[in-house]
Amino acid sequence: MSKKFKTDSGIEIQRVYEPTNIKAEEPGKFPFTRGVHPEGYRSRLWTMRQYAGFSTAEESNKRYHYLLSQGVSGLSVAFDLPTQIGYDSDHALSEGEVGKVGVAIDSLEDIETLFKGIKLEDVSTSMTINSTAFILLAFYIAIAKRQKADIKKISGTVQNDILKEYAARGTYIYPPKPSMKIITDIFEYCNNEVPKWNTISISGYHIREAGSTAVQEVAFTLANGKAYCKAAIAKGLDINLFGQRLSFFFNAHNNFFEEIAKFRAARRMWAEITKQLGATDPRAQMLRFHTQTGGSTLTAQQPKNNISRVTLQAMAAVLGGTQSLHTNGYDEALSLPTEEAAKVALRTQQIIAYESGVVDTVDPLAGSYFIEALTNQVEEEAWKYIQRIDEMGGSVSAIEQGFMQTEIANASYKYQGAVESKEKIIVGVNQFIEKEGTPIDLLRIDDSIRKVQSEKLVKLRANRNNDEVNQCLIKIKTAAREDKNLMPFVIEGVENYATLGEIAGALREVYGEYHG
């Protein structure tokens, strides 16, 4: 019996493909399989972002200025773990984690330093933050006001996707229901006050990093998106308005053609989902997405091989029609990226954009028998998952029942088994191994950062009006109990220098904590 060839999602690949089931679709028109813009990248390249943030706000600000000088067109902020889960740097649970996987942000002072010398009206900023997204957005709005910026003109994204935290990542604070309420508060506030801001980046990236297949990534991400839309509609919001400010965040792995098919299928499926939910404006039916190359595909062994992996993944994202792209540094399996690795990653995007020629026509792989058939198959398998999730009562219920978590864990286990048996070859890991690697320079963050941040907090609390801060925290708790929109009260709090940990802690008193 001849060997069967399959994608990483288990879709069988035929020897050849014939011209069947190819629909004549136009780019920029429903269902957007071929892209959301009629001219593709001919009119505008994707936003080149480099995900960056480490140590203190001062150090991260230097990296942002460097990246902007090298040609990035948008900033993407990484936050440390205490910031992500609502603790100030001097909290006991923050020990050992301050500034390690991202920048430490405790107060408005830190955000002012983080964006010092950067005019917020002129740059788009993406913030990878979820359970404390509302606080970081409040910080950002507050400094935009201090810069005399028109907040109706500032643009960017907060990830703000709590459902995937329960399913795949774990940086949640509050139970699902109040968390969903906070998310719809952001939708409502930004619709009225910050209309250019993308209020959520519904993330498949972390679902994939946790071990899912490409099909599961699409299915679980779109199911979560559907849940957010239903929650917003239940709050009385118009999908034709808030739907225009939704964005998505996908992973790009090594199975080149499956990744391209995944992006095309996701657009087509989201167009159908939003149409079923009542969206009639094409801009509310479009799936716009940011892509990051696959962190979990990077290897500590022979790390410079990762440059090739990232190039393949970035090309798949571009051929799949991404609106925004981050390319990983080759050293990220070992540490936060050095300046050299970040520069190589950015240059990879620039070479694709300016030297490869793939941007010169819209959806250049359309009509490929293989790509079209694979797009259809990814879509078909993803719909099966969404139907199962709908039958469970939607994403929140499916997560509470452990369905998504179990499916992801099973896929991860199966993949690891394939690597260990050498059914799946990973260059430099289970084949083509070298006994001794070539040492490379690494970026190391020491524990002194916590001391620096703690000293800042002592000074902050000594110099601010603590009576005003306490009144702001009381207002936030009252608003939570009375089911009011939290955003105006949180913005008032941060403008009076209430810290991130104090605001998150005040809401812990009202909502409690979720323990899975």
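For the structure itself, consult the block above.
To start, this report covers the structure provided alongside it. (Residues numbered from 1 in each chain as written. Predicted model: local features only at pLDDT ≥ 70, side-chain atom pairs only at ≥ 80, totals over all residues. Heavy atoms only, no water.)

Helix and strand counts for the protein chain stand at 20 helices and 11 strands. Rg of the C-alpha trace for the protein chain: 22 Å, near the compact-globule value of 24 Å for 516 residues, within the 12% margin. Along the longest, intermediate and shortest principal axes, the C-alpha atoms of the protein chain span 75 × 55 × 45 Å. Burial status across the protein chain gives 58% buried among its 516 residues. Put simply, 78% of the contacts in the protein chain that link residues at least 6 apart link residues at least 24 apart. Taking the average place of the 59 positive charges on the side chains of the protein chain and the average place of its 64 negative ones, the gap between the two points comes to 3 Å. (Helix = DSSP H or I, 4+ residues; strand = E, 2+ residues; numbered from the N terminus. Rg over C-alpha atoms; globule rule 2.2 N^0.38 Å. Buried < 20%, exposed > 50% of the residue type's maximum accessible area, 1.4 Å probe, protein only. Contact = heavy atoms within 4.5 Å. Lys, Arg positive; Asp, Glu negative; His and termini not counted. Charge placed at Lys NZ, Arg CZ, Asp CG, Glu CD.)

By the bridge criterion, 4 bridges tie strand β5 (residues 124-128) to strand β6 (residues 155-158) in an arrangement that is parallel. Counterpart to Ser 126 in the pairing with β6 is Thr 157. Taken together, β5, helix α4 (residues 133-146) and β6 form a β-α-β motif whose crossover is right-handed. Judged from the 2 bridges that link them, β6 and strand β7 (residues 197-198) form a sheet pairing that is parallel. Bridged to Gly 156 within β7 is Trp 197. (Pairing = 2+ DSSP bridges. Right-handed = clockwise from strand over helix to strand, strands pointing away.)

Moving on to the pattern of salt bridges. This model, assessed by the stated rule, comprises 34 salt bridges. Measuring nitrogen to oxygen at the nearest pair gives 3.0 Å for the salt bridge that ties Arg 264 to Asp 363. Of this pair, Arg 264 sits in helix α10 (residues 256-276) while Asp 363 sits in the loop between α13 (339-355) and α14 (369-392), and the two are 99 residues apart along the sequence. As far as burial versus exposure is concerned, Arg 264 and Asp 363 are alike and both buried. A salt bridge links Glu 492 to Lys 475; the shortest N-O distance between them is 3.0 Å. One end of the pair, Glu 492, is in helix α19 (residues 487-495); the other, Lys 475, is in helix α18 (residues 466-481), and 17 residues separate them in sequence. For Glu 492, a relative accessible area of 25% corresponds to the partly exposed category. (Salt bridge = Lys/Arg side-chain N within 4 Å of Asp/Glu carboxyl O.)

With that settled, consider the nonpolar core. The nonpolar side chains of soluble globular proteins are, as a tendency, buried together. Phe 115 and Phe 134 are the most contacted members of the largest nonpolar core, which totals 134 residues. No other element matches the 12 residues that α4 contributes to this core. Counting 6 residues, the second largest nonpolar core, distinct from the first, contains Phe 54, Ala 104, Leu 336 and Ile 449. (Core = buried A, V, L, I, M, F, W, Y, C linked by side-chain atoms within 4.5 Å.)

Right, let's get into unusual backbone geometry. For residues other than glycine, phi is negative in most cases, and the peptide bonds are mostly trans. In the segment running from Phe 30 into Pro 31, the intervening peptide bond is cis, with an omega of 5°. Counting through the fold element by element, Pro 31 comes out in the loop between β2 (12-13) and β3 (47-52). Phi is positive for Tyr 497, which is not a glycine, with a value near 70°. Note that Tyr 497 resides in the loop between α19 and α20 (500-511).

Burial along strand β8 (residues 200-203) is two-sided: Ile 200 and Ile 202 facing one way and Ser 201 and Ser 203 facing the other are all buried. Relative to strand β9 (residues 246-252), β8 is paired through 4 bridges, and the arrangement is parallel. Pairing of Ser 201 across the sheet is with Ser 247, part of β9.

For the rest of this paragraph, the subject is the layout of surface pockets. Space inside the largest pocket adds up to approximately 1,500 Å³. Residue lining of the largest pocket: 46 residues in total, with Thr 7, Asp 8, Tyr 415, Ala 418 and Lys 424 positioned closest to the centre. Of all the secondary structure elements, the ones that give two or more residues to the lining of the largest pocket are β1 (5-6), α7 (205-209), α8 (214-234), α12 (305-319), α14 and α16 (403-420). If one sorts the elements of the lining of the largest pocket by residue count, α16 sits on top with 9 residues. Classifying every residue of the lining of the largest pocket gives 15 nonpolar, 19 polar and 12 charged. (1 Å grid on protein atoms, 1.4 Å probe; cavity = no way out; pocket = protein on both sides within 12 Å on 5 of 7 lines; lining within 4 Å. Points joined across faces, edges and corners; volume = space filled by probe spheres on them. Nonpolar A, V, L, I, M, F, W, Y, C, P; charged D, E, K, R; others polar.)

Before going further, it helps to spend a moment on empty space enclosed by the protein. Under the definition given, this model contains 4 cavities of 30 Å³ or more. There is about 70 Å³ of room inside the largest cavity. Lining the largest cavity are Asn 130, Ser 131, Phe 134, Asn 160, Ile 162, Tyr 174, Ser 179, Ile 182 and Ile 183. Of all the elements, helix α6 (residues 176-193) adds the most residues to the lining of the largest cavity, at 3 residues. Its residues placed into classes, the lining of the largest cavity shows 5 nonpolar, 4 polar and no charged.

Let's shift gears to α20. An ideal rise of 1.5 Å per residue puts 16 Å on 12 residues; α20 measures up with 16 Å between its terminal C-alpha atoms. Counting buried residues in α20 gives 9 out of 12 residues, a clear majority hidden from the surface. Residues Leu 500, Gly 501, Glu 502, Ile 503, Ala 504, Ala 506, Leu 507, Arg 508 and Tyr 511 constitute the buried set of α20. In the core, the buried residues of α20 are packed alongside α2 (81-84), α4, α6, α17 (448-463), α18 and α19. Just downstream of α20, Gly 512 is the residue with a positive phi angle, here 80°. (Expected span 1.5 Å × (residues − 1).)

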